[in-house]
Amino acid sequence: MLSVTEARERILSCFQAAEEETLPLNDCANRILAADVPAPHDLPLFDNSSMDGFAVRSADASLLTLSVVADIPAGSVPMVALTRGQAARIMTGAQLPDGADAVIPVEDTDFNSREAGTSAPKTVSFTKNIMQGDNVRARGVDLHAGDVVLQKGRKLKPQDLGLLAMLGFANVKVHKKPRVALLSSGDELVEVDAVLTAGKIHDSNSYALAALMQQAGAEVIRLGVAKDTRSSVEGLLQQAVAQNVDLIVTSAGVSVGAFDFIKEVIESNGRLDFWRVNMRPGKPVVFGEYHGTPFIGLPGNPVSAFVGLEVFVRPTLEKLSGQLDGNRRTVKVRCDEEIESDGRESYLRARIRDENGVHFATLTGPQGSGNLLSLVQADALLIIPAGVKCVPVGQEVEAILL
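Please read these numbers as outputs of a predicted model, since none were measured by experiment. (Residues numbered from 1 in each chain as written. Predicted model: local features only at pLDDT ≥ 70, side-chain atom pairs only at ≥ 80, totals over all residues. Heavy atoms only, no water.)

Draft legend 1. Local environment of the nonpolar core. Counting residues in each nonpolar core, the largest one holds 38 residues, and the members touching the most others are M213, F312, V313, L317 and Y347. Grouped together as the second largest cluster of nonpolar side chains are 19 residues, L236, L237, V286 and Y290 included. (Core = buried A, V, L, I, M, F, W, Y, C linked by side-chain atoms within 4.5 Å. Buried < 20%, exposed > 50% of the residue type's maximum accessible area, 1.4 Å probe, protein only.)

Draft legend 2. Broad picture of helix α5 (residues 262-269). Taken together, the buried positions of α5 are I262, K263, V265 and I266. Burial along α5 is one-sided: seen end-on, the buried residues are contained in an arc of 165°. On its buried face, α5 sits against β12 (179-185), α4 (230-242), β16 (247-251), β17 (270-276), β19 (284-290) and β20 (293-298). (Helix = DSSP H or I, 4+ residues; strand = E, 2+ residues; numbered from the N terminus. Arc of directions from axis to C-beta. Contact = heavy atoms within 4.5 Å.)

Draft legend 3. Quick peek at the sheet that holds β17. Overall, mixed pairing links the six strands, which are arranged β15-β12-β16-β20-β19-β17 in an open sheet. In this open sheet, the two strands that pair with only one neighbour each are β15 (219-226) and β17. Looking at each pair of strands side by side, their axes are set apart by 20° on average, direction ignored. Of the pairings in the sheet, the one linking β19 to β20 comprises five bridges and is antiparallel in character. Within β20, the position partnered with Y290 by the bridge is T293. Sheet strands touched by helix α1 (residues 4-12): β17, β19 and β20. Its angle to β17, the strand with the most contacts, is close to 160°. Sheet strands touched by helix α3 (residues 205-215): β12, β15, β16 and β20. Its angle to β12, the strand with the most contacts, is close to 165°. (Pairing = 2+ DSSP bridges. Axes fitted to C-alpha atoms, helices over the stretch in contact; angles between N-to-C directions.)

Draft legend 4. Region of the structure containing the environment of T92. Among the structural elements, T92 can be located in the loop between β6 (86-90) and β7 (102-105). Among residues more than four places away in sequence, those in contact with T92 are S49, S50, M51, D52, A74 and R137.

Draft legend 5. Focus on the packing of α4 against α5. Their axes nearest at 10 Å, the elements α4 and α5 cross at an angle of 60°. Taken together, α4 and α5 sit at an angle that is classed as oblique. Seen along the crossing, α4 lies across α5 with a hand that is right-handed. Counting all contacts with α4, which are made through R230, V233, E234 and L237, the residues of α5 involved are I262, E264, V265, I266, S268 and N269. Of the residues in the contact of α4 with α5, the class split is five nonpolar, two polar and three charged. (Parallel < 35°, antiparallel > 145°, perpendicular 65-115°, else oblique. Left-handed = near helix turned anticlockwise from the far one by under 90°. Nonpolar A, V, L, I, M, F, W, Y, C, P; charged D, E, K, R; others polar.)

Okay, here's the thing in structure tokens:
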């Protein structure tokens, strides 16, 4: 049986980043950059004021009263050059006039009017000391032309979009979203709005798994539920292939039950790379391809499917989407209680609390693969390494943050 690491590496080796596309900046939130972004110019482009006040020469610090020779609003080009004894009223963000190297905030002067439309005074007096560079944002203080400001493989955050806009990028080259076909399997499954009858349960996996994959940046095509017949399974898998997706993901139907047909259909119409993984929950994980389309089959129990997606599908989608730093964030935590395991690599639901910078973890309750409430109550999955059957109180383990 494969280890988790071996299985994940075998899956990831079969994928590469999706093709590139150029999108309007407004459509690029959370998309993955396909190329480095060099700055086309300095930021700021010119020396400008960080305050409403008066642009001055620091060499005039000994002069307590200056003549005001210009009024400079933001967006205008100064038409004067300051000489000894001169100042210019200036607004936040406005370009400094030649000769000026400092700004006195209006509140540090004898000119206290803040009403819009008020004319600049003829003179201005001040008492605070002036130093070169005071309240001035110098050209290039943020970045210089040619600097790589955002690197290939980065997921674009809101602040990244702001920087790109500031640099004048109306369109951005990103990787296409991975397209995933998702289907569930089982005669017992009915839609969420159906009335439950004897032996039936609502299909929960398709909702949780679709949301997880969308969170990871994928476009998800939900194909519904396959009945426990070979023909039904083949029919939905054929629909998936026809959608020209990058990956097919299924839940249930991959074990050894008399009505579990997915593994058999994959073997008959493609290639089965591996079937079981040494992990808990979620041992029956299938990887292969169906008519040339990569396939990952997850177990049917809700927690097993969730964990399988986090451990195998999420990193696959991150690689497909072009992320270079896509590893799920993990932390070291200390166990608040003794934890028993069966020797497989285990992913246990837990809550984390912080005490003076040290993380402590407590299991959220029953750890059965059908106990979805304990997953809802968890904010982390504790990773108990393979071969470990008992973790004593206070021992440190790794945890995936949910």
